[in-house]
Amino acid sequence: MPETPSDLKQALVQLQELIEPQLEQYLELGPHCPDRLRDSIGYSLMAGGKRLRPALVLIACEACGGNPQDALPAACAIEMIHTYSLIHDDLPAMDDDELRRGRSTNHIQFDEATAILAGDALLTYAFEVIAQHQKPETVALSCIQELSNAAGPTGMVGGQMADLQAEQQALSTLEELEQIHLRKTGRLLRAALRMGAYIGNADENTRVALSDYGECIGLAFQITDDLLDITGNQEKMGKAVQKDQGIGKTTYPGLLGVEESRLKAENLIQRAAELLEPLGNKAQKLNQLGQFILNRDH
Ligand code: IPE
Ligand code: IPE
Ligand code: MG
Ligand code: MG
Ligand code: MG
């Protein structure tokens, strides 16, 4: 399995060095936020994680000629939404998991009500962060439109609902599964690229290319997540593995087998790279990230 190129690793570390302190700063919520709520939010938000979505916002902004620093509010906001989705995804009523990002899930560490509220708070606060800090206001509005649509009933939440329904009534076609993956995971990843493009002031062609690239890597990302549930290692993943089949989850490897699913992910990453060809050298990090998604072990 090819290693992540060291220059991409270095670039991701540098981006994390921007993202982590900014998230910490946004966690200074003042006296009106109960300590227990702040602790619960911080427990999940600052537990590590690959920070892929915020990194994509910053890298997309840079690829359009913008300054990644300028995209930090939107980058932190999407990580807040992602973290909320994980807290709720792990709840007993959903996937019922006890391990996330290498630690106990939020509802195990705190309790279910607190975990629900921490998720609610992260979801709401994400939009406050963009509205207050993303500049200029026209770009903030575009980011809010992108992120709310990607996270909402026709995006991530819709995908999560369909994913749960498919546990009860097995899906028959690949198209149905693709529609679930595109919504529950793909839309948020695509929104990261689209927000980065808005902040970097991309022209229309670049915005469309980044958006389509985001859709391809978003779908590939959930396919590799499904594959890692079978082939991955709990320690490296920081979450339980070998779970999906037991709970009747419809997945790519479940429908197509491991080899075919891997091929599907490879094709999507190949297509993603082709979409970026018009961007030339500016797309180097995005191309490397595609390879990272394909070859990841966590
Ligand atoms: C896990 O996302 C949930 C999916 C959408 C598949 P990540 O694999 O990006 O989780 P973290 O942020 O690194 O913990
Ligand atoms: C989760 O998909 C997608 C979202 C949280 C929106 P999974 O349920 O497969 O994610 P993991 O495997 O628990 O991280
Ligand atoms: Mg789930
Ligand atoms: Mg889950
Ligand atoms: Mg999974």
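The structure this text deals with has already been given above.
A brief structural summary.

Criteria and cut-off values
- By convention here, each chain's residues receive numbers from 1 onward along its written sequence.
- Ligands are numbered from 1 and chains lettered from A, in the order in which they are written.
- Note on the predicted model: pLDDT of at least 70 is required for a residue's local features to be given, and 80 or more for side-chain atom pairs to be given and counted; whole-chain, interface and lining totals, by contrast, use all residues.
- Side-chain measures were taken over the full set of non-hydrogen atoms in the model, leaving aside hydrogen atoms and water.
- The rule for donors is simple: N, O or S, within 2.8 Å of the metal, or within 3.2 Å if the metal is Na, K or Ca. Water isn't counted, so a site may look like it is missing partners.
- Think of it in three bands: residues with accessible area under 20% of the maximum for their type are buried, residues over 50% are exposed, and the middle band is partly exposed, with areas taken using a 1.4 Å probe on protein chains only.
- Summary of the distance rule: residues count as near a molecule or strand when at least one heavy atom falls within 4 Å of that molecule or strand.
- Think of a polar contact as two N or O atoms within 3.5 Å of one another; within protein, one of them needs to be a possible hydrogen donor and the other a possible acceptor, and neighboring residues in sequence only count if both atoms come from side chains.
- All accessible-area figures derive from a Shrake-Rupley calculation using a 1.4 Å probe, and residue coverage is judged against the displayed protein chains alone.
- Buriedness for pockets is judged along seven lines, at least five of which must meet protein on both sides within 12 Å for an open set on the 1 Å grid over protein atoms alone, while cavities are sets there where a 1.4 Å probe fits but cannot get out, and lining residues have an atom within 4 Å of a point.
- Throughout, a molecule is located in a cavity or pocket provided that more than half of its atoms lie within 2 Å of its grid points.
- Secondary structure elements follow DSSP: runs of H or I of four or more residues count as helices, runs of E of two or more count as strands, with numbering from the N terminus.
- Whenever a carboxyl oxygen of Asp or Glu lies within 4 Å of a side-chain nitrogen of Lys or Arg, that contact is scored as a salt bridge.
- Charged means Asp, Glu, Lys or Arg here, nonpolar means Ala, Val, Leu, Ile, Met, Phe, Trp, Tyr, Cys or Pro, and polar covers whatever is left, Gly included.

## Concerning the coordination of the magnesium ion (ligand 4)
At the metal site, the magnesium ion (ligand 4) is ligated by Asp89 (OD) and Asp95 (OD), and these contacts range over 2.0 to 2.1 Å. In this structure, the magnesium ion (ligand 4) lies 3.1 Å from the magnesium ion (ligand 3), and both are coordinated by Asp89. Comparing Asp89 with Asp95 shows no difference in burial state: the two are buried.

## Here's the deal with the site of ligand 2
Looking at ligand 2, the residues that line it are Ser85, Leu86, Asp89, Asp95, Arg100, Met156, Gln160, Lys184, Gln222, Asp225 and Lys239. Separating an oxygen atom of ligand 2 from a side-chain N or O atom of Asp225 is a distance of 3.1 Å. In the environment of ligand 2, an oxygen atom lies 2.6 Å from a nitrogen or oxygen atom belonging to the side chain of Lys239. If ligand 2 stood free it would expose 390 Å²; the protein chains cover 89% of that surface. Its atoms largely coinciding with the cavity grid, ligand 2 occupies the largest pocket. When residues of the shell around ligand 2 are assigned to their parent elements, the largest contribution, three residues, is made by helix α4 (residues 72-89).

## Comments concerning the pattern of salt bridges
Counted under the stated rule, the structure contains 19 salt bridges. The partner of Arg207 in a salt bridge is Glu204, with the nearest N and O atoms 2.5 Å apart. Here Glu204 and Arg207 lie together in helix α10 (residues 204-231), a separation of three residues that amounts to about one turn. Assessed through its relative accessible area of 17%, Arg207 is described here as buried. Through salt bridges with shared partners, one network takes in Asp95, Asp163, Glu167, Lys184 and Lys249.

## Observations regarding the site of ligand 1
Around ligand 1, the neighbouring residues are Gly49, Lys50, Arg53, His82, Leu86, Arg101, Thr185, Phe221, Gln222, Asp225, Lys239 and Arg296. One of the side-chain nitrogen or oxygen atoms of Arg101 is found 2.8 Å away from an oxygen atom of ligand 1. Taking 400 Å² as the accessible area of ligand 1 by itself, protein coverage stands at 88%. A majority-of-atoms criterion places ligand 1 in the largest pocket. For the shell around ligand 1, the secondary-structure elements that each account for two or more residues are α4 and α10. With three residues, the top contributor of residues to the shell around ligand 1 is α10. Of the residues that constitute the shell around ligand 1, the class distribution is two nonpolar, four polar and six charged.

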